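Overview (structure and organization)
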Amino acid sequence: MIGWVLRRTAAAVALVVLGTIVLVVLVHLLPGDPLTAIIGDRAIDPAARDALAARWGIGRPLPTVVADFLRNALHGDLGTSLAEQRPVATILRERLGPTILLGGTTLLVNFTVGLFLGTWSALHPESRRARAIGAISLATYTIPAFVIGLGLVWLGAIALPWFPAGGASDPLLDPEAGLVAVLLDRAHHLALPLLTMVLATIAVPIRQQRSAALETAHAAWVVAARARGVAPRRVAWQHVWRPALSPVITLLGLWLPMLVSGAVFVEAVFAWPGIGSLLATATAQRDIPLVIGTGVVVILLVQVGSLLADILQRLLDPVQRTA
Amino acid sequence: MTRARPLGIALALVVVMLAVLGPLLTADPLTATVDGLVLQGPTARHWLGTDQFGRDVLARLAHGARLSLGIAGLAIGIALVIGSFLGLLAGGRDGLGARLCSRAIDLALSLPRVVVLLVLVAATGTLGPLALAAVLGLTGWPAIARLTRGEAERLRHAPYVLAARTLGASPRRQLLAHVLPGTLPAALIAATLGVADVLLLEAGLSYLGIGVQPPTPTWGNMILEAQGHLATAPRLLLIPALALVTATAAATLLGDALRARLSPHRR
Amino acid sequence: MTPLLEVERLQVTVPTPGDPDMVAVDGVSFAVARGEFVALVGESGCGKSLTALAIPRLLPSGARLGPDTSIRFDGVELTPHPESAMRPLRGARIAMIFQDPLASLNPVMRVADQIVEAIRAHGTSGGARAEARAIELLSEVGIADPSRCAAAWPHQLSGGMRQRVMIAIALAGEPDLLVADEPTTALDATVQAQILELLDTVRRARGMAMVLITHDLAIVAGRADRVLVMYAGRIVEAAATTALFTTPAHPYTRALLATLPRLDRDALLPDPIPGAVPSPGRWPTGCRFHPRCTRARAACHEAIPPLDPITAHHHVACWVASDEAGA
């Protein structure tokens, strides 16, 4: 088991490094002077231009540029943002929290509510409710996340003004307000973006769990469990849901990139101050160091998530665990 | 799901007709109406009303359809060519080259598509529709390559390929004449489903302001412009959103229908 | 003394794509006394598994019992019981073991947990006492290192060990009746014998009745008290084991016995029965065996023979056999 974990971690590290290299190389491979691409049509003074040239290795061979970038990245230096003239790493640190909050809560909801609904649908396959769940989740999956977001903004912030239309917190909140007030405010702001993310992505866990549970629902061990008089509820959880869990956890790793794209667009709709919206605005401003730095961090997060999911899946499956 | 297939074909036809015929039959999407009627609801002259600059919404919708579908078609074409080729190389043979190819596909798959897309857009700046299609195609090939690779690996060992080999066919001929055609159905299905992804991505990019730039209409930037008028004219959001969802659903249903037709044994 | 189990006119219909109400078990009646070992023998497709599943009412969804069916356990009529009334019986009074021990064990639960679950299903407390009892049971079914087995996952055990675990689970509730649906079919020949021995030992030690379903007539010789032979949804012969093997009355039974390889005969190959077992829904009119029967007469085409006694404890459903016995 340990050997496998080490090998898998090494693979994840390799992917992050190679992904970073790809991003850096892409920028440099594009036609034209890379420096022009980086600076765009910004006004910039000669000294800064020279520094940038040195930094991005204009005139230096590509492998050196890549190596320098990697070396700096390992020390936590991801470059300097052109737009804000601040270290990229600092900006990222500020914006990471809100994304983790939004992404984390989405994950939590999807893999609790989603799994529950999926299992329930498998146990009552012909019921109207199960069919409704399937249809609704498919419908919301087809609608792009930003459209769902805008729809919810209209519904929740304009038609019924119960929720704020954007932001992660109220800038006018009294700094002396107690913890409860702060938490409530945050929750209030989190509601619509979270609902958007969940609606856009929950179809996948529901369908996966449903199909996995349909298989286990007809398994011989379920009949055997009933034959010993086990209560129906326990049969449902211990004998239908639990063995169906393993394939769904694998899904987690594949689902993470969907979370990323969801985050970029949903954060844009709600002006959520996370790294998704950061990536979008940085792209619009052609702030290449920031874009690359953010991209690298996103790749890192996705790989870490995928690694954890794989380890979890392996732990949950006794066959793989004892292999 | 089976009942939905004819629906998918019907929806697709509606969307395509809108894209092809619409621009020929409607007003100029870029100019405001002469009478300057702004933010008007549906009337006899403007079936879907006008937007905040007095432009005919239906005309913009139709032109946007043409542009979006065109970009999507081109992007998928590019992705299909690159993806099939690389997938074939990776799965259809043995050896170092094939293994490297396979690893390259795995690496490309591990990168979140949105990230690569945004990096490319950031580096190239404002994109015209052609460049946008190219960028979308260049980020879309890994999914097709993975599928093609799987099919190629499977078909390599199929009896008819073996038969060709015993008749003296060279590895290249085996690959091109026998394995490649076998991978096409799967690639086609992936491509059809990929159209849905590309439509959504192009709309998303235009919504973020980094895709097709206004005043040229595309459904994505129509949605962007509608955001500021959500309270007063939610119709401006609803109409392009509905069009987008319809087109995406049509592409997905078509892909499912294709899959059922072409590989019924592997539902 | 009332029999422990009385099954009368058992009819089971299953929904199939062609026929929503296909009859798979057509009027089966038998009784099992306390502590008795009854074997139900038949080829695949004759309905024996469904008969077994009907007793604790674990039929697949959509399957239904016929309106006339009566299943009495310890004097109590089970057919009108709702599911909630059946559950206390399962495991505690009627236990069941199945053919495929790997598929019948939850792959993500350790052996001990599954036995403890059976113990706790009927109200006994869990904890250390239940764990200890689980190990005791594993030892009783002949497992050499019960603690290690208890801690293992199902996929780590051999086929024979898994079946022993299944038996241990079945015994956990101290049932009065054990229904065993082809428990040895999936096992190697030597292991088969061991499991059958085990079942016999355990049964005798606990005074437990057992209904054993099998397609292999050979394994019940010398073990079962009575044998019921089933064909095409009906019982065609019912007798004490010795009587069945020495004086089989039904042509099907005779043919089955003739297919068993024997050391004391000259013929190298057994005689197969010509033709094939008719599937449910395609049963011939009259006696269902008549198309393959060497002794069929006109009457056999017309009416289904009832299960008639030819001696006090030997019943047969055959016009020819009944006539010969002077019934």
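The subject of this paragraph is the overall build of chain C. Within chain C, the secondary structure is distributed over 11 helices and 13 strands. Whereas a compact globule of 327 residues would reach a radius of gyration of roughly 20 Å, chain C reaches 21 Å, a difference of no more than 12%. For chain C, the spread of C-alpha atoms along the principal axes amounts to about 65 × 50 × 45 Å. Scored against the burial criterion, the 327 residues of chain C give a buried share of 45%. A separation of at least 24 residues holds for 62% of the contacts in chain C among residues at least 6 apart in sequence.

Turning our attention to the overall build of chain A. When you go through chain A residue by residue, the secondary structure sums to 15 helices and 0 strands. Burial analysis of chain A (323 residues in total) assigns 44% to the buried set. Considering only intrachain contacts with a sequence separation of at least 6, the fraction spanning at least 24 residues in chain A is 73%.

The next subject is the interface of chain A and chain C. Taken together, the contact pairs 16 residues of chain A with 26 residues of chain C. Of all the elements in the fold, those that place two or more residues in the side of chain A that touches chain C are helix 11 (220-227), helix 12 (232-269) and helix 15 (318-321) of chain A. Looking at which element gives the most residues to the side of chain A that touches chain C, the answer is helix 11 of chain A, with 6 residues. Residue composition of the side of chain A that touches chain C, by class: 10 nonpolar, 3 polar and 3 charged.

Residues and elements named next belong to chain C. Between the first and last C-alpha of helix 4 (residues 127-140) there are 20 Å, a value that for 14 residues agrees with the 20 Å anticipated at 1.5 Å per step. Buried within helix 4 we find A134, L137 and L138. Buried residues along helix 4 cover an arc of 100° about the axis, so they all sit on one side. Structural note: helix 4 exposes A128, R129 and A132 on the side pointing more than 90 degrees away from its buried face. Buried residues along helix 4 sit in contact with helix 3 (111-120), helix 5 (146-151) and helix 6 (159-171). The first or second residue beyond helix 4 is G142, which carries a positive phi of 90°.

With that settled, the discussion passes to the sheet that holds strand 8 (residues 177-181) of chain C. The strands that make up a sheet pair up through hydrogen bonds in the backbone, lying either parallel or antiparallel. Residues and elements named next belong to chain C. Pairing in this open sheet of 8 strands is mixed, and the strands run 7-8-9-3-10-11-13-12 from one edge to the other. The two strands at the open ends of the sheet, each matched to only one other strand, are strand 7 (94-97) and strand 12 (308-311). The sheet shows a mean angle of 20° between the axes of neighbouring strands, direction not considered. Here 4 bridges tie strand 7 to strand 8, and the two strands are oriented parallel to one another. Bridge pairing in strand 8 links I94 to L177. The sheet contacts of helix 6 involve strand 7 and strand 8, and relative to strand 7 the element is tilted by about 170°.

Counting from both sides, the interface comprises 38 residues of chain A and, opposite them, 34 residues of chain B. Mapped onto the side of chain A that touches chain B, the elements with two or more residues apiece are helix 1 (2-29), helix 8 (145-159), helix 12, helix 13 (275-284) and helix 14 (288-316) of chain A. Class assignment for the residues of the side of chain A that touches chain B results in 31 nonpolar, 6 polar and 1 charged.

Attention now moves to the packing of helix 14 of chain A against helix 4 (residues 113-124) of chain B. With their axes 10 Å apart at the nearest point, helix 14 of chain A and helix 4 of chain B run at an angle of 170° to one another. With respect to each other, helix 14 of chain A and helix 4 of chain B are oriented roughly antiparallel. Across the interface between the two elements, I288, V291, I292, G295, V298 and I299 of chain A from helix 14 of chain A touch V115, L118, V119, A122 and A123 of chain B from helix 4 of chain B. In terms of residue class, the contact of helix 14 of chain A with helix 4 of chain B is made up of 10 nonpolar, 1 polar and no charged.

Residue and element names in this part refer to chain C. Burial within strand 11 (residues 234-240) is extensive, with 6 of its 7 residues counted as buried. In this sheet, strand 11 lies alongside strand 10 (residues 226-231) in antiparallel orientation, the contact comprising 6 bridges. Bridge pairing links R226 to A240 in strand 11. The turn linking strand 10 back onto strand 11 is made up of 2 residues, and A232 within it adopts a positive phi angle of 50°. By the bridge criterion, 2 bridges tie strand 11 to strand 13 (residues 314-316) in an arrangement that is antiparallel.

With that settled, the discussion passes to the domain arrangement of chain C. Residue and element names in this part refer to chain C. Its domain assignment divides chain C into domain 1 (5-93 + 175-272) and domain 2 (103-174). Summarising the inter-unit geometry, the C-alpha centres of domain 1 and domain 2 are found 25 Å apart. Each side of the interface is counted separately: domain 1 has 13 residues, and domain 2 has 15 residues. In terms of residue count, helix 7 (residues 189-206) provides more of the side of domain 1 that touches domain 2 than any other element does, 6 residues in total. Tallied by class, the residues present in the side of domain 1 that touches domain 2 amount to 11 nonpolar, 2 polar and no charged.

Here the focus is the environment of L74 of chain B. All names here are of chain B. Positionally, L74 belongs in helix 2 (residues 57-91). Overall, L74 belongs to the partly exposed group, with 18 C-beta atoms counted inside 10 Å. Non-local contacts of L74, meaning those with residues more than four positions away in its chain, are made with A133 and G137.

This paragraph deals with unusual backbone geometry. For residues other than glycine, phi is negative in most cases, and the peptide bonds are mostly trans. Residues and elements named next belong to chain C. Despite not being glycine, E182 has its phi angle at roughly 50°, a positive value. Locating E182 in the fold gives a position in the loop between strand 8 and helix 7. For E182, a count of 19 C-beta atoms within 10 Å translates into the label partly exposed.

Residue and element names in this part refer to chain A. Counted at 1.5 Å a residue, the expected span for helix 4 (residues 62-74) with its 13 residues is 18 Å, and the 18 Å between its end C-alpha atoms agrees. For helix 4, the full list of buried residues reads V65, F69 and A73. Considered in projection along helix 4, the buried side chains sweep an arc of 65° and stay on one side of the axis. What points out from helix 4, more than 90 degrees from its buried face, is the exposed set P63, T64, R71 and L74. Among the residues trailing helix 4, G76 stands out with phi positive, at a value near 90°.

What counts, and where the lines are drawn
Residues numbered from 1 in each chain as written. Chains lettered and ligands numbered in written order. Predicted model: local features only at pLDDT ≥ 70, side-chain atom pairs only at ≥ 80, totals over all residues. Helix = DSSP H or I, 4+ residues; strand = E, 2+ residues; numbered from the N terminus. Rg over C-alpha atoms; globule rule 2.2 N^0.38 Å. Buried ≥ 20, exposed ≤ 12 C-beta atoms within 10 Å, placed from the backbone. Contact = placed C-beta atoms within 7 Å. Nonpolar A, V, L, I, M, F, W, Y, C, P; charged D, E, K, R; others polar. Expected span 1.5 Å × (residues − 1). Arc of directions from axis to C-beta. Pairing = 2+ DSSP bridges. Axes fitted to C-alpha atoms, helices over the stretch in contact; angles between N-to-C directions. Parallel < 35°, antiparallel > 145°, perpendicular 65-115°, else oblique. Domains from an automatic or database assignment.

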